[in-house]
Amino acid sequence: MKKNLLLTLLLVFLVVMNGILLFLFFKKPGKRPLPPHEFVVKELRFTDEQMREYEKIRMDFDHNMRPLHRERMQLKEALFAKMSETDVEEKEIDSITALIGASEKERDMQVFNHFRAIYDLCDERQKEHFAKIVNRALRMPPGRKGQGPPPRP
């Protein structure tokens, strides 16, 4: 009887401790980085008018990027589908990779135009701060993509 009581108490204790640890892990302030658009708004301290314009810029950017992303993924799928083929012509691979390159160029142009539109929206103080944010982001290692805002110097 004492053995069962001891095991039950130990089990309850472990369940409670796991619950506390999970609570602390998920509720830790500052643990989750802000999404990029929220980070920009917070860092630049946009006015209400700037916020409305920024939302339009962001919506246009998302609208323009979706088809580019879809196209790039289809091209990459087509490229890697060639991997299992026995007779692959170099011209086909070159053609697909050239199309991927053109798609990447269009994507980079869209990103540049998006950042330029945000820059034009800013006042002088915000422009200076935004330029610093972009420069830090450019220096970010490729593996950090999607892991929150760029690190501070």
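Sequence positions are assigned chain by chain, starting from 1 and proceeding in written order. At least 70 in pLDDT is required for a residue's local features to be given in this predicted model, at least 80 for side-chain atom pairs to be given and counted, and no such filter applies to totals for whole chains, interfaces and linings, which use all residues. Each side-chain value is worked out from all heavy atoms of the structure, with water and hydrogens disregarded.

Participant: So what exactly am I meant to see when it comes to the overall build of the protein here?
Facilitator: We count a stretch as a helix when DSSP gives it H or I for four or more residues in a row; a strand needs E for two or more, and each element gets its number in order from the N terminus. The number of helices and strands found in the protein is 5 helices and 0 strands. When the elements of the protein are put in sequence order from the N terminus, they spell out α-α-α-α-α. Evaluated residue by residue, the protein yields a buried proportion of 21% over its 153 residues. In this description, accessible areas are obtained by the Shrake-Rupley approach with a 1.4 Å probe, and a residue is regarded as covered only by the protein chains that are shown. When the accessible area of the protein is evaluated, it comes to approximately 12300 Å², of which 62% is carbon and sulfur surface. Buried, partly exposed and exposed residues are distinguished by accessible area as a fraction of the type maximum, computed with a 1.4 Å probe on protein chains only: under 20%, between the cut-offs, and over 50%, respectively.

Participant: Which parts of the structure should I look at to understand the nonpolar core?
Facilitator: In globular proteins that are soluble, nonpolar side chains generally tend to be buried together. In these notes, a set of buried Ala, Val, Leu, Ile, Met, Phe, Trp, Tyr and Cys residues joined through side-chain atoms within 4.5 Å is what counts as a nonpolar core. Formed by Phe39, Val40, Leu44, Phe46, Tyr54, Ile57, Ile118, Leu121, Cys122, Phe130 and Ile133, the largest nonpolar core amounts to 11 residues. Here this core gets 3 residues from one element, more than from any other, and that element is helix α2 (residues 36–44). Setting aside chain neighbours within four positions, we find Leu44 in contact with Ile118, Cys122, Arg125, Gln126, His129, Phe130 and Ile133. If you look at the next biggest cluster of nonpolar residues, it comprises 5 residues, including Leu75, Leu79, Ile93 and Ile100. What makes two residues a contact is simply this: any of their non-hydrogen atoms within 4.5 Å.

Participant: It is not clear to me how helix α3 (residues 48–81) should be interpreted in this structure. Could you clarify?
Facilitator: In an α-helix, one full turn covers 3.6 residues, which means residues spaced three or four apart are oriented alike. Expected helix span is given by 1.5 Å per residue-to-residue step, counting one fewer step than there are residues. The terminal C-alpha atoms of α3 lie 49 Å apart, and with 34 residues this matches the ideal 50 Å at 1.5 Å per residue to within 8%. Bend, in this description, refers to the angle at a residue between axes fitted to the seven residues ending there and the seven starting there. Along α3, the sharpest kink reaches roughly 25°, centred on Met65 and followed within four residues by the proline Pro67. What α3 keeps buried is the set Gln50, Tyr54, Ile57, Arg58, Phe61, Met65, Leu68, Arg72, Leu75 and Leu79. If you follow the buried residues of α3, they end up packed against α2, α4 (90–121) and α5 (124–138).

Participant: I keep staring at the side chain of Lys127 and nothing clicks. Help me out?
Facilitator: Mapped onto the elements of the fold, Lys127 is located in helix α5. A relative accessible area of 17% places Lys127 in the buried class. With near-sequence residues (within four places) excluded, Lys127 lies in contact with Tyr119, Asp120 and Cys122.

Participant: Sorry, what's going on with the packing of aromatic side chains here?
Facilitator: The description of two aromatic rings rests on the distance between their centres and on the angle between their planes. Only Phe, Tyr and Trp rings are paired, with Trp represented by its six-membered ring, and only when their centres lie within 6.5 Å; those with planes under 30 degrees apart are stacked, over 60 edge-to-face, the remainder tilted. Following the criterion strictly, the structure yields 2 aromatic pairs and no others. The interplanar angle of 50° and the centroid separation of 5.4 Å between the aromatic rings of Phe46 and Tyr54 together place this pair among those described as tilted. Between the aromatic rings of Phe115 and Phe130, the centroid separation amounts to 6.0 Å while the plane-to-plane angle is 85°, which identifies the pairing as edge-to-face. Remark: Phe130 occurs in helix α5 and Phe115 occurs in helix α4; sequence separation between them is 15 residues.

Participant: Before we go on, may I ask you to explain the side chain of Gln126 in this structure?
Facilitator: Positionally, Gln126 belongs in helix α5. Two N or O atoms count as a polar contact when they lie within 3.5 Å, although within protein this holds only if one can serve as hydrogen donor and the other as acceptor, and sequence-adjacent residues are included solely when both atoms are side-chain atoms. Engagement of the side chain of Gln126 in a polar contact is seen with the backbone oxygen of Leu44, the distance being 2.7 Å. Leaving out residues up to four positions away in the same chain, Gln126 has contacts with Leu44, Arg45, Phe46 and Gln50.

Participant: For this particular structure, what's the right way to read the packing of α2 against α5?
Facilitator: Two numbers describe a pair of packed helices, the interaxial angle and the distance between the axes. Note on method: axes are straight lines fitted to C-alpha atoms, helices fitted across the in-contact stretch only, with angles between N-to-C directions ranging 0 to 180 degrees. Running from N to C, α2 and α5 point in directions that differ by 140°, and their axes come no closer than 10 Å. The orientation of α2 relative to α5 falls into the category oblique. Judged by the sense of rotation from one axis to the other, the crossing of α2 with α5 is right-handed. Contacts from Phe39, Glu43 and Leu44 in α2 reach Arg125, Gln126, His129, Phe130, Ile133 and Arg136 in α5. Each residue receives one of three labels: charged for Asp, Glu, Lys and Arg, nonpolar for Ala, Val, Leu, Ile, Met, Phe, Trp, Tyr, Cys and Pro, and polar for the others, Gly being one of them. For the contact of α2 with α5, a count of residues per class yields 4 nonpolar, 2 polar and 3 charged. Oblique is the label for every angle not falling under 35 degrees (roughly parallel), over 145 degrees (roughly antiparallel), or within 65 to 115 degrees (roughly perpendicular). Helix crossings get a hand from a simple test, with the near helix turned counterclockwise from the far one by less than a right angle marking a left-handed crossing and a clockwise turn marking a right-handed one.

Participant: Before we go on, may I ask you to explain the packing of α4 against α5 in this structure?
Facilitator: Interhelical geometry of α4 versus α5 gives an angle of 155° and a closest axis separation of 9 Å. Taken together, the axis directions place α4 and α5 in an arrangement best described as roughly antiparallel. The chirality of how α4 crosses α5 is right-handed. Contacts between α4 and α5 involve Phe115, Ile118, Tyr119 and Asp120 from the first element and Lys127, Phe130 and Val134 from the second. The residue makeup of the contact of α4 with α5, split by class, is 5 nonpolar, no polar and 2 charged.

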